[in-house]
Amino acid sequence: MTRPIAISDSANFYVSAERIFDPTLRGVPVIVLSNNDGCAVARSDEAKALGIKMGAPLHLIRDKVEAHGVRVFSSNYTLYGDISRRVVAVYEDYTPNVEVYSIDECFLDFGGLKDRVAHAKSMRHDVLRRVGMPVRVGIAATKTLAKCANDIAKKNPIFSGVLDMTDPTLADWLLPLVPVGDIWGIGRKTEGKLRRIGINSAADLRAMPLRQARAMGTVMLERTVLELQGEPCIAFDDVEPQRKGMAVTRSAGTPMLDFETVFEALTAHATRAAEKLRHHNLVAGTLTVFFHTNRHRADKPQYTGSRTTRLIPMTSDTFDLVAAAKRCALAAWPNTGEKLYAFTKAGVLLDDLLPFEQRPRTLFDVPRGSPRLMTALDQVNKRFGKKTLILASEGMSRSWQLRADHRSPRYTTRISDLPVVR
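Because the structure is a prediction, the values reported are computed rather than measured.

K.L.:
Would you take a moment to explain the sheet that holds strand E6 (residues 105-109) for this structure?
P.N.:
Hydrogen bonds along the backbone pair up the strands of a sheet, which may run parallel or antiparallel. In spatial order, the strands read E5-E6-E1-E7-E8; together these 5 strands make up an open sheet with mixed pairing. Since the sheet does not close on itself, it has two edges, and those belong to strand E5 (98-102) and strand E8 (162-164), each with one partner. Sheet twist, expressed as the average angle between the axes of neighbouring strands with direction ignored, equals 15°. Note that strand E7 (residues 135-140) and E8 share 3 bridges and pair parallel.

Quick look at the structure:
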């Protein structure tokens, strides 16, 4: 027998995280905006009922926001990440194997449980009690079926937030209710192809011949059909796969007009990348820097700069990465002449990642940087807050930082942001 897999996800995660610390947000329309306060990327059920679409630009829905008293928030990734970590900590009390799929979704190993529904309801209650986050749970024999069960549990209150669809008879009854476009891994183009041949639901797709599925959507669609039939094809990752690369990129809050400002942003991104490497005990062998103007402004001069360099020896030292980023940025910087470029995004990409102990050594390999200094730097910033110690080249004004005019306090990670009861 295959072991049952559950997936637990949070209801309107960003909005629910904001509601934990502000009870006045409950029952009212709330939206959370993307970077630079651009578009709605999370909406409460009340905001959805007003017709606010996912990705709607704020400037186009401002009249609706004002007319209906919609509460607007900037993305507070520090808060959301910490809330997600706390939710996962609760999950780990209920199962030995947790696979974090996204900030608001986790696959859980529910094998060996006698009463899976009771176990899921207890877990759901505990997450709400200990963290304040409402979650829904879908259980099935495969990941794809578990996602379907979770989707049904979201939309049908009769299941009280938990649906165990390991019983094939129950799957036969419920899969016709899942639109084919809502199935995990089915994109818009594939959905269109399937609907043109009369496949409109998960039940229809489950009955599709495997040879036809492979011909229409390659092995990926064939695998989805098998998963819907109850045959696991997507492994449960008990061990987190080793990272092969990482990226730290940001859009600028205001256009960056000179090299110094762009390099300040790149210093911040390289510093963050180095912190992430050390956190995972990795070193990088390749670094890429890029920066570009706003591609949607045809009336402005356009430029994209990018350069890559090898890191020899491989490193996770902040000073090494910042120095390499500067070399790349100087090499990619445009000969402006009379043109004035307004750069709106910059980033640092790291590739060829290896565990520190597995890094290649050479006969004359002399360690560079100072591991003790990096350890001290990380400990100070962990204890006293991010950016307590920074490189001078990151600057102090940080005019390039993202706009976040509506950001809520970082309640769980900054003492200065804790609510005060008088």
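K.L.:
Please clarify how the nonpolar core should be interpreted in this entry.
P.N.:
A general feature of soluble globular proteins is that nonpolar side chains tend to end up buried together. If you look at the biggest cluster of nonpolar residues, it comprises 35 residues, and the most contacted ones within it are Leu 287, Val 289 and Leu 350. Put simply, the parts of the chain that give this core at least two residues each are strand E9 (245-256), helix H11 (259-279), strand E10 (282-293), helix H12 (318-332) and strand E12 (343-351). The element contributing the most residues to this core is H11, with 10 residues. Ignoring anything within four residues of it in the chain, the contact list for Leu 287 reads Arg 307, Thr 308, Thr 309, Leu 311, Leu 321, Ala 324, Ala 325, Cys 328, Val 348, Leu 349 and Leu 350.

K.L.:
Would you mind going over the environment of Arg 250 with me for this structure?
P.N.:
Considering the arrangement of structural elements, one finds Arg 250 in strand E9. Setting aside residues no more than four positions away along its own chain, Arg 250 makes contact with His 269, Thr 344, Lys 345, Ala 346 and Leu 402.

K.L.:
Sorry if this is basic, but what is going on with the sheet that holds strand E2 (residues 30-33) here?
P.N.:
On the basis of which strands lie adjacent, the open sheet formed by 3 strands has the order E3-E2-E4 and mixed pairing. If you trace the sheet from one side to the other, it starts and ends with strand E3 (40-43) and strand E4 (71-73), each paired once. Adjacent strand axes in the sheet meet at a mean angle of 25°, parallel and antiparallel pairs treated alike. By the bridge criterion, 3 bridges tie E2 to E4 in an arrangement that is parallel. Looking at the pairing, Val 32 lines up with Phe 73 of E4.

K.L.:
Any chance you could explain helix H3 (residues 58-68) here in plain terms?
P.N.:
Side chains that are three or four residues apart share a direction in an α-helix, a result of its 3.6 residues per turn. Among the residues of H3, Leu 58, Ile 61 and Val 65 are the ones counted as buried. For H3, the angular spread of buried residues about the axis comes to 80°, placing them on one side. Seen from the open side of H3, the exposed residues pointing more than 90 degrees away from its buried face are Leu 60, Asp 63, Glu 66 and Ala 67. Check the buried side of H3 and you find it contacts E2 and E4. Phi turns positive, to about 65°, at Gly 69, one or two residues after H3.

K.L.:
Help me understand the environment of Phe 319 in this model?
P.N.:
Here Phe 319 is to be found in helix H12. Given a relative accessible area of 44%, Phe 319 falls into the partly exposed group. Considered as a pair, Phe 319 and Glu 105 are 214 residues apart in the sequence and their alpha carbons are 36 Å apart. The residues touching Phe 319, leaving out its near neighbours within four places in the chain, are Leu 373, Met 374 and Leu 391.

Reading guide: rules and limits
- Residues numbered from 1 in each chain as written.
- Predicted model: local features only at pLDDT ≥ 70, side-chain atom pairs only at ≥ 80, totals over all residues.
- Heavy atoms only, no water.
- Pairing = 2+ DSSP bridges.
- Helix = DSSP H or I, 4+ residues; strand = E, 2+ residues; numbered from the N terminus.
- Axes fitted to C-alpha atoms, helices over the stretch in contact; angles between N-to-C directions.
- Core = buried A, V, L, I, M, F, W, Y, C linked by side-chain atoms within 4.5 Å.
- Buried < 20%, exposed > 50% of the residue type's maximum accessible area, 1.4 Å probe, protein only.
- Contact = heavy atoms within 4.5 Å.
- Arc of directions from axis to C-beta.

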